[in-house]
Amino acid sequence: YGDHRDLHKEYRRQRQMCIRDRENTYLSTFQALGGLGLLLGTIGLAIVLLRNVLERRKELALLSAVGYNWYHLTWIIIAENLFLLSFGLINGLVSALLSIAPIFQTRGGDFPFSTIVALLGGVLLTGLVASLIATFSVTRKKLLPSLKSE
């Protein structure tokens, strides 16, 4: 009679392990897809920042004509992009934390602080580098001809 109960316990353990393995497979798949989405989003962010600066050439030319040098123009654009990047990252982080809070309350577990900080830092760094590249590509050219076309 005791062997029968032990057999059922072992069967339940094996079944739970099988279910956890399947769940971990789904989680790994969605984590990989999330990483791909983050990569594509970061590349899209860099393209949008570059295009934004290129479209604002006339405004930058006007500022240059008024007396701002390339150093000031660079800091204006970087400060603006840093504000937008920070605002977007904070909003995304808050919404992500709110969406996973119930799971952490019910299941517990360790929160991956280092991974999240690394991801957010990577996105911020990529945005700043894209902003710098875009700004230097525009401010190194002569801006006054674009103002004359206005």
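S.K.: Can you help me understand helix α3 (residues 70–107) in this one?
M.R.: The terminal C-alpha atoms of α3 lie 53 Å apart, and with 38 residues this matches the ideal 56 Å at 1.5 Å per residue to within 8%. At I100, α3 shows its maximal bend, which comes to roughly 40 degrees, and the proline P102 appears one to four places after that position. Three or more residues of α3 are buried, namely L73, T74, I77, I78, N81, L85 and L89.

S.K.: Looking at this structure, how should I read helix α4 (residues 113–139)?
M.R.: Because each turn of an α-helix spans 3.6 residues, side chains separated by three or four positions end up pointing in the same direction. Taking 1.5 Å per residue as the helical rise, α4 with its 27 residues ought to reach 39 Å, and the 38 Å between its terminal C-alpha atoms agrees with that figure. Among the residues making up α4, those that are buried are V123, G127, A130, S131, A134, T135, V138 and T139.

S.K.: Is there a simple way to think about the side chain of S131 in this case?
M.R.: Along the chain, S131 turns up in helix α4. Accessibility expressed as a relative area gives 0% for S131, which makes it buried. Sequence-distant contacts of S131, defined by excluding residues within four places in its chain, comprise L49, I77, I78 and N81.

S.K.: Please explain the nonpolar core as it appears in this structure.
M.R.: The biggest cluster of nonpolar side chains holds six residues, and these are V53, L60, L73, I77, A134 and V138. Elements with a contribution of two residues or more to this core: α3 and α4. Residues in contact with I77, not counting those within four places in the same chain, are V53, L60, S131 and T135.

S.K.: So what exactly am I meant to see when it comes to the environment of L119 here?
M.R.: As for its placement among the helices and strands, L119 is situated in helix α4. Here L119 falls in the partly exposed class, since its relative accessible area comes to 43%. Sequence-wise, L119 and M17 are 102 residues apart; in three dimensions their C-alpha atoms are separated by 31 Å.

S.K.: Help me out: how do you make sense of the packing of helix α2 (residues 57–66) against α3 in this one?
M.R.: When two helices pack together, their arrangement is given by the angle between their axes and by how far apart the axes lie. Where α2 contacts α3, the two axes come as close as 10 Å, and the packing angle between them is 140 degrees. When the axes of α2 and α3 are compared, the pair comes out oblique. Here α2 runs over α3; the crossing is right-handed. Together, L60, L63 and S64 of α2 and L73, I76 and I77 of α3 make up the contact between the two elements. Tallied by class, residues from the contact of α2 with α3 come to five nonpolar, one polar and no charged.

About the thresholds
- Residues numbered from 1 in each chain as written.
- Predicted model: local features only at pLDDT ≥ 70, side-chain atom pairs only at ≥ 80, totals over all residues.
- Heavy atoms only, no water.
- Helix = DSSP H or I, 4+ residues; strand = E, 2+ residues; numbered from the N terminus.
- Expected span 1.5 Å × (residues − 1).
- Bend = angle between axes of the 7 residues up to and from the residue.
- Buried < 20%, exposed > 50% of the residue type's maximum accessible area, 1.4 Å probe, protein only.
- Contact = heavy atoms within 4.5 Å.
- Core = buried A, V, L, I, M, F, W, Y, C linked by side-chain atoms within 4.5 Å.
- Axes fitted to C-alpha atoms, helices over the stretch in contact; angles between N-to-C directions.
- Parallel < 35°, antiparallel > 145°, perpendicular 65-115°, else oblique.
- Left-handed = near helix turned anticlockwise from the far one by under 90°.
- Nonpolar A, V, L, I, M, F, W, Y, C, P; charged D, E, K, R; others polar.

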